[in-house]
Amino acid sequence: MSDFAHAVIIGGSSGIGLEIARLLAAAGTDILLVARNGDRLRDAAEAVRRCGTANVDIAVCDASDPDAVSALVETARRRGPIDLLVCSAGSAAAGYFDAMAPRSFSDSMANNYASALWPALAVARQMKMRGRGTIAVISSLAGERGLIGYTAYAPAKAALSRFAEALAHELKPHGVRICLAMPGDVETPLLAEEIKTRPPETTKITGGSKPISAAQAAREILAAARKGRRVVVPGRSSRWLYRINRAAPWLVAWAIDRLR
Ligand SMILES: NC(=O)c1ccc[n+]([C@@H]2O[C@H](COP(=O)([O-])OP(=O)(O)OC[C@H]3O[C@@H](n4cnc5c(N)ncnc54)[C@H](OP(=O)(O)O)[C@@H]3O)[C@@H](O)[C@H]2O)c1
């Protein structure tokens, strides 16, 4: 019997969300996988079913649409209370600020911020009333420090991280836990796409650190959510970067300007 009996995973068809789903399935959790592309969702659900639990459902939904999210959470709730919401949707278009399509900025806020905001809102009241529940929010180290090429991605992740912090304080007295995950580079389709559009300076600055696997990121995030930890930075080198940036932001700013 899993500690999380019922989980909803936004962005569950790929990458970190899919790996979290595999781990939960192996522990016997009933799962609803949510994403926009139905074909990829169906393939992901097949893969997750092979890991354990028989109860893996899918919902095709753009999680940045509050009405669609509210309806799907209502349907999921009829199958039983939601113990865990994982907000792992995201997209990462990179590029020089003045070369990016204006749409990139609103798309980034929709896919990286609103796609977690509306699902969290849809489950918060039910979790509050039950006096329990966990929301894992997958943000990014990019939300801690703006890098060259991330004028669309970094602000969306910064907004998401501050949202998760505020929500954690607000819901703690009600027994609801928020686990904010801030990975660095993780081997997923998102990273493969993002590397194609990264300016060369960004590659130079981040080039030294090897991406961790999606499976490792998922293991560390789920372990932190199970322990009720507020913040998790998966991967040892990312943890060091996070600590150095917190302790001496001026040093990191100086290093970025020198390295470019
Ligand atoms: N990979 C990295 O290096 C890295 C580093 C730091 C943080 N992160 C964060 O980790 C999270 C997971 O990323 P990943 O690397 O695992 O990416 P991924 O493999 O591309 O998976 C992203 C998932 O989100 C879904 N999605 C995107 N926009 C959505 C929307 N508006 N509504 C519903 N589903 C949506 C995608 O499916 P559809 O496209 O079919 O909707 C897919 O299932 C993201 O928040 C990302 O920003 C990743």
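Preceding block: the structure.
Below: a short report on this structure. (Residues numbered from 1 in each chain as written. Predicted model: local features only at pLDDT ≥ 70, side-chain atom pairs only at ≥ 80, totals over all residues.)

1. Section: the sheet that holds strand β9 (residues 231-232)
Argument step 1. The 7 strands are arranged β3-β2-β1-β4-β5-β6-β9 in an open sheet whose pairing can be described as parallel. Strands at the two margins of the open sheet, each flanked by one partner only, are β3 (56-60) and β9.
Argument step 2. Strand direction decides the pairing type here: strand β4 (residues 84-87) and strand β5 (residues 133-138), joined by 4 bridges, are parallel. Pairing of C87 across the sheet is with V137, part of β5.
Argument step 3. Across the face of the sheet, helix α8 (residues 214-227) comes into contact with β4, β5, β6 (176-181) and β9 while running at roughly 150 degrees to β5. (Pairing = 2+ DSSP bridges. Helix = DSSP H or I, 4+ residues; strand = E, 2+ residues; numbered from the N terminus. Contact = placed C-beta atoms within 7 Å. Axes fitted to C-alpha atoms, helices over the stretch in contact; angles between N-to-C directions.)

2. Observations concerning helix α5 (residues 153-171)
Argument step 1. Its 19 residues give α5 an end-to-end C-alpha distance of 27 Å, which sits within 8% of 27 Å, the value for a rise of 1.5 Å per residue.
Argument step 2. Regarding α5, the residues found buried are Y153, A154, A156, K157, L160, S161, A164 and L167. In an axial view of α5, the angular spread of the buried residues amounts to 160 degrees, which keeps them on one side of the axis. The exposed residues of α5 that point more than 90 degrees off its buried face are A166 and H169.
Argument step 3. The inward-facing, buried residues of α5 contact α4 (102-130), β5 and β6. (Expected span 1.5 Å × (residues − 1). Buried ≥ 20, exposed ≤ 12 C-beta atoms within 10 Å, placed from the backbone. Arc of directions from axis to C-beta.)

3. Quick look at the site of the ligand
Argument step 1. Among the 33 residues in the neighbourhood of the ligand, the closest are listed as G11, G15, R36, G90 and L190.
Argument step 2. For the shell around the ligand, the secondary structure elements donating two or more residues are α1 (15-26), β2 (30-35), α4 and α6 (189-197).
Argument step 3. Looking at the shell around the ligand, the element that brings in the most residues is α4, giving 4 residues.
Argument step 4. When the residues that make up the shell around the ligand are grouped by side-chain class, the tally is 14 nonpolar, 15 polar and 4 charged. (Near = placed C-beta within 6 Å. Nonpolar A, V, L, I, M, F, W, Y, C, P; charged D, E, K, R; others polar.)

4. Considerations on the packing of helix α3 (residues 66-78) against α4
Argument step 1. Running from N to C, α3 and α4 point in directions that differ by 40 degrees, and their axes come no closer than 8 Å. Considering their axes alone, α3 and α4 lie oblique with respect to each other. Considering how the two elements wind past one another, α3 and α4 form a crossing that is right-handed. Contacts between α3 and α4 involve P66, V69, S70, V73 and R77 on the former and, on the latter, W118, P119, A122, V123 and Q126.
Argument step 2. Residues that form the contact of α3 with α4 fall into these classes: 7 nonpolar, 2 polar and 1 charged. (Parallel < 35°, antiparallel > 145°, perpendicular 65-115°, else oblique. Left-handed = near helix turned anticlockwise from the far one by under 90°.)

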